[in-house]
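The primary structure of each chain is shown beneath.
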Amino acid sequence: MRFNIYVKNRVAVVGAGLTLFRRRLLETPQEMVWIASKKALEQANMDFRDIDCVISGSAPDTFDGVHMKGEYYSEGAGSYGKLHFRVFVGGGTGVFVPVAGWWMVASGLCKKALIVAEEKMSSAADPHPQAVFRHIWDPLIEKPLNPNLIWIFALEMHRYMHKCGVSKEDIALVAVKNKANALDNPIAQAAAKITVEDVLKSEPLVYPVNRLDISPVSDGAGALVMVSEDVARRYTDTPIWVEGVGFALDTTSWTNRELAFPVYVKTAAEMAYRMAGIENPMKQIDVAEPYDPFDYKELHHMEGLGLAPRCKAAELTKGGVTQRDGDLPINPSGGLLGVGNPIAAAGLMKVAEIFWQLRGEAGKRQVRKPVYTGLAQAWGDLMQIGTVIILRR
Amino acid sequence: MNRVAIIGMGYSGFYAPSPDLSFREMIFKAAQKAYEDAGNINPRRDVDAFISCQEDFWEGIAIANEFMPEQLGGVLKPGFTVSGDSLQCFLNAYAMIRTGQFSVIVIESHGKPSEINTLDSIVMFSYDPLYIRPIDPKNIYFLNAIEARAFMEKEGISREVLGHYVINSLKRGLKNPRASYSRTKSLKSYLDEEFVVEPLSESDIAPLTDAAVVAVVASEEIAKKLTDTPIWIDSIWTTSGTSTVAYEDLSFDYAAREAGNKVFEASNIRNPRREIDALEIDERFSYIPLMVLKALNISSNIKEDIHSNIFEVDGEILLNPFGGALSEGNPLEAHGIARVLIAYEQLKGLKRIKGSKDPERILIHSRRWPFPRTTTIALLSR
């Protein structure tokens with residue numbers, strides 16, 4: 001791949017909106033998308049009529065219980081009669097939707113694009129939405145074993161702890177930090193003031209994973225407005241520019257991989273860093289929202305993103321570096337652990353948070369240091385894909 | 001802006017059932033042929049990104065994107081799924097290359113409906129859960145039947161006209177080795193068929209087929225290095241239909257009109273009937289091509305044009321000259337790329353019609369199956 005620094009149309013984010021993240025929202029998928037879209041458009045000083053393209057993303061159709069669900073929920077974004085398609089890379093979808101939005105605008109095909117992500121998990125499957133994940137495995141080799149998603153993350157967490165010499169206590173600090181950060185987030189579902197002790201004493205699920213190590217099941221939607229440079233200048237004085245995008249999909253055979261390090265996140269980040277001209281992410285990224293559906297994943301992803309040396313993310317967390325007032329604030333939104341995890345919408349929430357942080361509009365969540373460059377990242381499929389976006393003001 | 005070309009294509013299947021190959025093996029075979037056709041490219045070295053067009057429920061896998069990289073040679077490279085018809089993969093590849101950031105992109109789409117045990121339930125799951133599913137329609141094609149009837153009544157199209165189109169299209173498919181369902185059929189035998197759902201009988205609905213198709217798409221710079229016969233994507237657009245069908249005038253295909261207008265505008269086409277040589281139109285239901293001809297302003301009097309054989313070899317503009325989906329079958333989301341494949345072969349001179357000059361510009365159309373009408377249209381040229 002060549003890295004074209006002369007992309008003709010620079011792409012800006014000019015608005016963001018989110019619904020509440022909750023376990024059983026009464027709104028339909030279409031209504032959730034409408035609420036998020038309306039908020040994003042209001043921030044951008046636009047209306048649905050101004051939009052020429054809708055790019056959407058959502059994780060498995062099985063959650064919403066609608067086949068071809070992009071065709072269904074996108075109506076809430078006013079997609080009828082406009083360009084619309086849905087992208088899908090499992091849990092990585094939320095950050096990937098604005099990546100696809102970037103090339104639709106950068107190519108010149110779209111001028112004003114509404115980027116939406118939606119997930120309605122709570123009404124799926126019985127007895128628990130986790131049951132949807134029974135059907136993500138290789139039908140011949142893995143499905144007969146009837147694995148559960150938490151089992152394989154438990155394997156990965158265990159491997160990471162073993163390889164890096166990280167303790168359960170070190171990892172629990174991430175849950176403590178993120179749930180506390182979420183106390184300042186008005187859409188949050190799982191904000192709480194908890195201690196390391198609370199995490200360790202919460203219900204064990206699959207060793208070493210306890211209940212408070214995991215983000216909750218959620219419903220929610222998010223939206224961004226992405227526009228070309230000439231349009232951005234007409235609507236705002238503070239556009240936030242998309243400076244780098246990256247994504248990489250690793251092998252389906254997760255059992256053949258070294259689970260202690262997410263090489264696919266590293267590959268995706270390198271693509272985005274090259275595009276954004278970032279050579280030293282630890283110094284050049286001011287604030288980041290790495291994907292944290294489990295507390296150990298924040299550490300794992302920080303290392304994959306090069307925001308911490310390998311096996312050292314826990315030390316940075318213990319030293320307070322990743323706090324909102326630290327040198328490298330990580331997940332100031334409260335992350336998935338605190339805000340909730342409506343899969344695709346959760347990823348987009350991270351991009352929205354970086355957008356607000358860079359605009360200085362994050363309110364009580366605003367990090368203390370001045371921020372110019374931010375990163376959001378998500379992860380998904382069979383522990384297999386990394387998606388990264390870098391924004392700059 | 002960079003021009004974008006298709007430089008290689010390959011396929012496997014177009015028959016059903018296909019118990020000898022898994023869907024991944026089918027994709028692997030198609031990819032091998034496409035890479036060879038594109039000048040023996042090495043996907044590990046030469047390809048910047050991989051796109052798959054598929055839907056989870058068709059696959060029976062909750063996150064089908066997981067199973068995409070190996071068989072394409074795309075492990076640890078940029079790869080993603082578009083949950084839609086495979087022409088939408090081309091739309092994304094086109095946009096990606098035009099940014100200048102990507103040079104070579106591989107597109108994959110497949111369908112293996114022979115392994116779906118619960119097709120009716122899956123189709124029902126595509127309908128609005130609040131407004132349509134509670135009706136509990138007993139036939140999965142009921143919306144298409146309502147649409148067909150609305151269109152036929154508005155345009156004064158009888159079963160005889162539809163039959164005339166069907167028997168000609170099935171006959172044209174006899175020239176296409178992938179068209180397993182092509183056959184000669186009399187108008188009488190068509191009219192004698194029982195309705196599946198009025199006004200559609202068995203021959204009006206494309207049978208399902210298993211297939212995988214892979215395409216290699218490249219920037220102009222790379223295309224010219226790798227082939228002497230690039231097939232250019234001149235323009236492409238997709239327009240969304242609505243899942244709340246009560247909103248729509250079902251007698252007119254608004255999504256096709258909008259998508260068509262966008263590509264005609266981008267390619268500076270004022271009179272599509274004169275300026276386009278051939279059409280590859282979605283024919284998963286027999287009435288759809290007729291609706292699309294109307295929506296694209298290619299025919300103002302469908303009945304008369306069908307009876308005057310305007311769309312046959314000696315006519316003004318070729319329509320599905322090697323048979324459409326009625327002959328080839330319906331490979332689900334791979335339908336759009338199947339239409340691209342046959343257009344690619346025509347533009348490269350690999351498929352020729354005796355007595356007709358090779359087309360220079362072909363319009364491709366595909367919409368979601370069975371509903372809503374979300375439509376993608378592309379213009380290809382050589």
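Below is a short write-up of the structure. (Residues numbered from 1 in each chain as written. Chains lettered and ligands numbered in written order. Predicted model: local features only at pLDDT ≥ 70, side-chain atom pairs only at ≥ 80, totals over all residues. Heavy atoms only, no water.)

**What about the interface of chain B and chain A?**
Thinking step 1. Across the contact, 65 residues belong to chain B and 64 residues belong to chain A.
Thinking step 2. Interface of chain B and chain A: buried area, both sides summed, is about 5400 Å²; carbon and sulfur atoms make up 59% of it.
Thinking step 3. When the buried area of chain B at its contact with chain A is split by residue, Glu 66, Leu 76 and Gln 101 of chain B rank highest and sum to 13% of it.
Thinking step 4. Arg 368 of chain B is the salt-bridge partner of Glu 71 of chain A, the closest N and O atoms lying 2.8 Å from each other.
Thinking step 5. Counting every contact that joins chain B to chain A gives 23 residue pairs in polar contact (both at pLDDT 80 or more).
Thinking step 6. At the level of elements, helix H3 (56-59), strand E3 (79-82), helix H4 (87-98), helix H5 (119-125), strand E8 (231-239) and helix H10 (254-266) of chain B are the ones that each hand at least two residues to the side of chain B that touches chain A. (Contact = heavy atoms within 4.5 Å. Buried area = accessible area lost by both parts, 1.4 Å probe. Salt bridge = Lys/Arg side-chain N within 4 Å of Asp/Glu carboxyl O. Polar contact = N/O pair within 3.5 Å; in protein donor to acceptor, adjacent residues only side chain to side chain. Helix = DSSP H or I, 4+ residues; strand = E, 2+ residues; numbered from the N terminus.)

**Section: empty space enclosed by the protein**
All names here are of chain B.
Thinking step 1. Taken as a whole and assessed by the stated rule, the structure comprises five cavities of 30 Å³ or more.
Thinking step 2. The space that makes up the largest cavity amounts to roughly 80 Å³.
Thinking step 3. Lining the largest cavity we find 14 residues, and of these Ser 126, Tyr 127, Ser 243, Phe 371 and Pro 372 sit closest to its centre.
Thinking step 4. A breakdown of the residues in the lining of the largest cavity according to their chemical character gives eight nonpolar, four polar and two charged. (1 Å grid on protein atoms, 1.4 Å probe; cavity = no way out; pocket = protein on both sides within 12 Å on 5 of 7 lines; lining within 4 Å. Points joined across faces, edges and corners; volume = space filled by probe spheres on them. Nonpolar A, V, L, I, M, F, W, Y, C, P; charged D, E, K, R; others polar.)

**A look at unusual backbone geometry**
Thinking step 1. Pro 208 of chain A follows Tyr 207 of chain A through a cis peptide bond whose omega is 5°.
Thinking step 2. With respect to the helices and strands, the residue Pro 208 of chain A is situated in the loop between strand E5 (204-206) and strand E6 (209-210).
Thinking step 3. With an omega of 0°, the peptide bond running from Ala 16 of chain B to Pro 17 of chain B counts as cis.
Thinking step 4. Of note, Pro 17 of chain B is situated in the loop between strand E1 (4-15) and helix H1 (23-37).
Thinking step 5. Although it is not a glycine, Asn 146 of chain A adopts a positive phi angle of roughly 50°.
Thinking step 6. In this structure, Asn 146 of chain A sits in the loop between strand E4 (112-120) and helix H5 (149-164).
Thinking step 7. Even without glycine at this site, Met 383 of chain A takes up a positive phi of about 50°.
Thinking step 8. Assignment of secondary structure puts Met 383 of chain A in the loop between strand E10 (373-380) and strand E11 (385-392).
Thinking step 9. The exposure class of Met 383 of chain A is buried, given its relative accessible area of 0%. (Buried < 20%, exposed > 50% of the residue type's maximum accessible area, 1.4 Å probe, protein only.)

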